[in-house]
Amino acid sequence: MQALLDVILPVFLVIGFGYAAVWRGFLSAVDIDGLMRFSQNFVFPALLFQAIARLDLGETFDTGLLVSFYTGSTASFLFCLLGARFLFRREWEDSVAIGFAGLFANSLMLGLPITERAFGADSLGPNYAIVAVHSPFCYGLGITAMEIARARGQSLIRLPGTVLRAMFRNALVIGIGLGFIVNLLAVPVPVAAMDAIELLTRAALPVALFGMGGVLVRYRPQGDMKVILYVCLSALALHPAVVWVMGRWFDLGQEGFRSAVLTASMAPGINIYVFASLYGRAQRVAASSVLVGTALSILTVWLWLGALP
């Protein structure tokens, strides 16, 4: 119970403040959209650039950690995709979008602040390793699957270009890539520039959490409730369970194991709605999964946190 009060509740209270601010009319949807664009296009790319530029890549990028986490992600993706297609009889394009809802955990807006509150800022190295691969892996898998579903027997010769263009228009991927360049090539960055980035990144987590709360106001769990709960089951239970098993099999260290399982237990991120909107498929399921999953994760993250060594 203490973990719920000390670690999880403050994070969700900030989300609640953002929700209340929009719900009561203190801020408009336009205000929140601007806040989220600032967060996702500037602040988080700066945070990821700074973190990856400073990481000890040899120590942090543990193969077992990444294989454990992304095996869980892929299992959740397939569970949701195949369930949508064969259990709920959705079209293949809808099924891919629903699969993406099970794939994309909220590793940034929820994973980072909850892990930091639970285990301290020094424990975030494995989180940054997971996040560095998260957008490229998830968007790469999701876009590839969707383009194959849309092709329906047509030529797939343009598929690699489509995937790469979509990924490298993503500000998070650009920030991650620049961080790797600075780290691997030992590119000198002026102290004043790094200090400016440091100032910018201090706003990352509170701004994103507050903005996320504001965004959730517009989502409503209307219809498709069985599919939405199916996605939440996969994201909040199957994904972390697979990561737990794989992490034990790889004998991950305590820090990496905690970060992997806790990040895997996060609710679906807002990017699942962005993906669904991009293709005009399963948008209601995606939007409602973010809302319902975030609400349920207050309890499920507490349970996973309590089970961690």
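Here is what the cut-offs are and how they apply
- Residues numbered from 1 in each chain as written.
- Predicted model: local features only at pLDDT ≥ 70, side-chain atom pairs only at ≥ 80, totals over all residues.
- Heavy atoms only, no water.
- Helix = DSSP H or I, 4+ residues; strand = E, 2+ residues; numbered from the N terminus.
- Buried < 20%, exposed > 50% of the residue type's maximum accessible area, 1.4 Å probe, protein only.
- Contact = heavy atoms within 4.5 Å.
- Areas by Shrake-Rupley, 256 points an atom, 1.4 Å probe, with all protein chains shown as cover.
- Lys, Arg positive; Asp, Glu negative; His and termini not counted.
- Charge placed at Lys NZ, Arg CZ, Asp CG, Glu CD.
- Phe/Tyr/Trp six-rings, centres within 6.5 Å; stacked < 30°, edge-to-face > 60°.
- 1 Å grid on protein atoms, 1.4 Å probe; cavity = no way out; pocket = protein on both sides within 12 Å on 5 of 7 lines; lining within 4 Å.
- Points joined across faces, edges and corners; volume = space filled by probe spheres on them.
- Nonpolar A, V, L, I, M, F, W, Y, C, P; charged D, E, K, R; others polar.
- Core = buried A, V, L, I, M, F, W, Y, C linked by side-chain atoms within 4.5 Å.
- Axes fitted to C-alpha atoms, helices over the stretch in contact; angles between N-to-C directions.
- Parallel < 35°, antiparallel > 145°, perpendicular 65-115°, else oblique.
- Left-handed = near helix turned anticlockwise from the far one by under 90°.
- Expected span 1.5 Å × (residues − 1).
- Salt bridge = Lys/Arg side-chain N within 4 Å of Asp/Glu carboxyl O.
- Patch = residues over 30% accessible without salt bridge, like charges linked within 9 Å, V, L, I, M, F, W, Y side chains within 5 Å.

Engineer: Would you take a moment to explain the overall build of the chain for this structure?
Structural biologist: Summing up its helical and strand segments, the chain has 15 helices and 0 strands in all. Evaluated residue by residue, the chain yields a buried proportion of 54% over its 309 residues. Residue pairs at least 24 apart in sequence account for 85% of intrachain contacts in the chain once pairs closer than 6 positions are excluded. Surface accessibility of the chain: about 13700 Å² in total, with carbon and sulfur atoms responsible for 64%. One finds the centroid of the 20 positive side-chain charges in the chain at a distance of 13 Å from the centroid of its 17 negative side-chain charges.

Engineer: Sorry, what's going on with the packing of aromatic side chains here?
Structural biologist: The description of two aromatic rings rests on the distance between their centres and on the angle between their planes. For the coordinates displayed, the defined rule picks out 14 aromatic pairs. A ring pair is formed by Phe79 and Tyr230, whose centres lie 4.6 Å apart and whose planes are at 5°; its orientation type is stacked. Of the two residues, Phe79 sits in helix α4 (residues 63-87) while Tyr230 sits in helix α12 (residues 225-249), which places them 151 residues apart along the sequence. Residue class for Tyr230 comes out buried when judged on its relative accessible area of 15%. Seen from their ring centres, Trp244 and Trp304 are 6.2 Å apart, and the 45° between their planes marks the pair as tilted. You can see Trp244 sitting in helix α12 and its partner Trp304 sitting in helix α15 (residues 283-307), a full 60 residues away along the chain.

Engineer: I'm lost on the layout of surface pockets in this one. Help?
Structural biologist: Empty space among the atoms becomes visible once a probe the size of a water molecule is rolled across them. Quantified by volume, the largest pocket comes out at close to 490 Å³. For the largest pocket, the lining is made up of 27 residues, of which Gln40, Tyr139, Asn170, Leu172 and Asn271 are closest to its centre. Listed by contribution, the elements that provide at least two residues to the lining of the largest pocket are α2 (29-54), α6 (107-119), α7 (125-151), α9 (171-184) and α14 (271-279). In terms of residue count, α7 provides more of the lining of the largest pocket than any other element does, 5 residues in total. Taken together, the residues of the lining of the largest pocket sort by class into 17 nonpolar, 9 polar and 1 charged.

Engineer: Is there a simple way to think about the nonpolar core in this case?
Structural biologist: The tendency in soluble globular proteins is for nonpolar side chains to be buried side by side. Ranked by size, the top nonpolar core spans 90 residues in total, and within it Phe44, Ile98, Phe100, Leu110, Tyr128, Tyr219 and Phe275 carry the most contacts. In this structure Phe275 touches Val96, Ala97, Phe100, Tyr139, Gly142, Ile143 and Met146, once residues within four positions along its chain are discounted. Within the second largest apolar cluster, 6 residues are counted, among which are Ala46, Ala53, Val182 and Met194.

Engineer: For this particular structure, what's the right way to read the environment of Thr201?
Structural biologist: Relative to the helices and strands, Thr201 is located in helix α10 (residues 191-201). You can call Thr201 buried: its relative accessible area is 9%. Remark: the alpha-carbon pair of Thr201 and Ala84, spanning 117 residues in sequence, is separated by 38 Å. Discounting residues that sit within four places of it in the chain, Thr201 has contacts with Val43, Ala46, Leu47 and Gln50.

Engineer: Just to check I follow, could you spell out the packing of helix α5 (residues 92-103) against α14 for this structure?
Structural biologist: When two helices pack together, their arrangement is given by the angle between the helix axes and by the axis-to-axis distance. It is the contact of α5 with α14, at a shortest axis distance of 9 Å, that shows an interaxial angle of 165°. Classed by the angle they form, the pair α5 and α14 counts as roughly antiparallel. Handedness of the crossing formed by α5 with α14: right-handed. Here α5 contributes Val96, Ala97, Phe100 and Ala101 to the contact with α14, which in turn contributes Asn271, Ile272 and Phe275. By residue class, the composition of the contact of α5 with α14 is 6 nonpolar, 1 polar and no charged.

Engineer: Whenever I open this one, α9 confuses me. Can you help?
Structural biologist: In an α-helix, one turn spans 3.6 residues, which is why side chains three or four residues apart end up on the same side. The end-to-end C-alpha distance of α9, which contains 14 residues, comes to 20 Å, matching closely the 20 Å that a straight helix rising 1.5 Å per residue would cover. All buried positions along α9 are accounted for by Ala171, Leu172, Val173, Gly175, Ile176, Gly179, Val182 and Asn183. Looking one or two places after α9, you find Ala186, whose phi comes out positive at around 55°.

Engineer: What's the story with the pattern of salt bridges in this structure? I'm lost.
Structural biologist: Throughout the structure, instances matching the rule amount to 8 salt bridges. Residues Asp94 and Arg90 are paired through a salt bridge, measuring 3.3 Å at the closest nitrogen-oxygen approach. Summarising the burial analysis for this pair, Asp94 and Arg90 share the class buried. Between Arg150 and Glu147 there is a salt bridge, with the nearest N and O atoms lying 3.4 Å from each other.

Engineer: Is there a simple way to think about a nonpolar patch on the surface in this case?
Structural biologist: Residues Ile174, Leu178, Ile181, Leu184, Leu185 and Val187 make up a contiguous nonpolar surface patch of roughly 560 Å² in combined accessible area. Mapped onto the fold, Ile174 is located in helix α9. For Ile174, a relative accessible area of 41% puts it in the partly exposed group.

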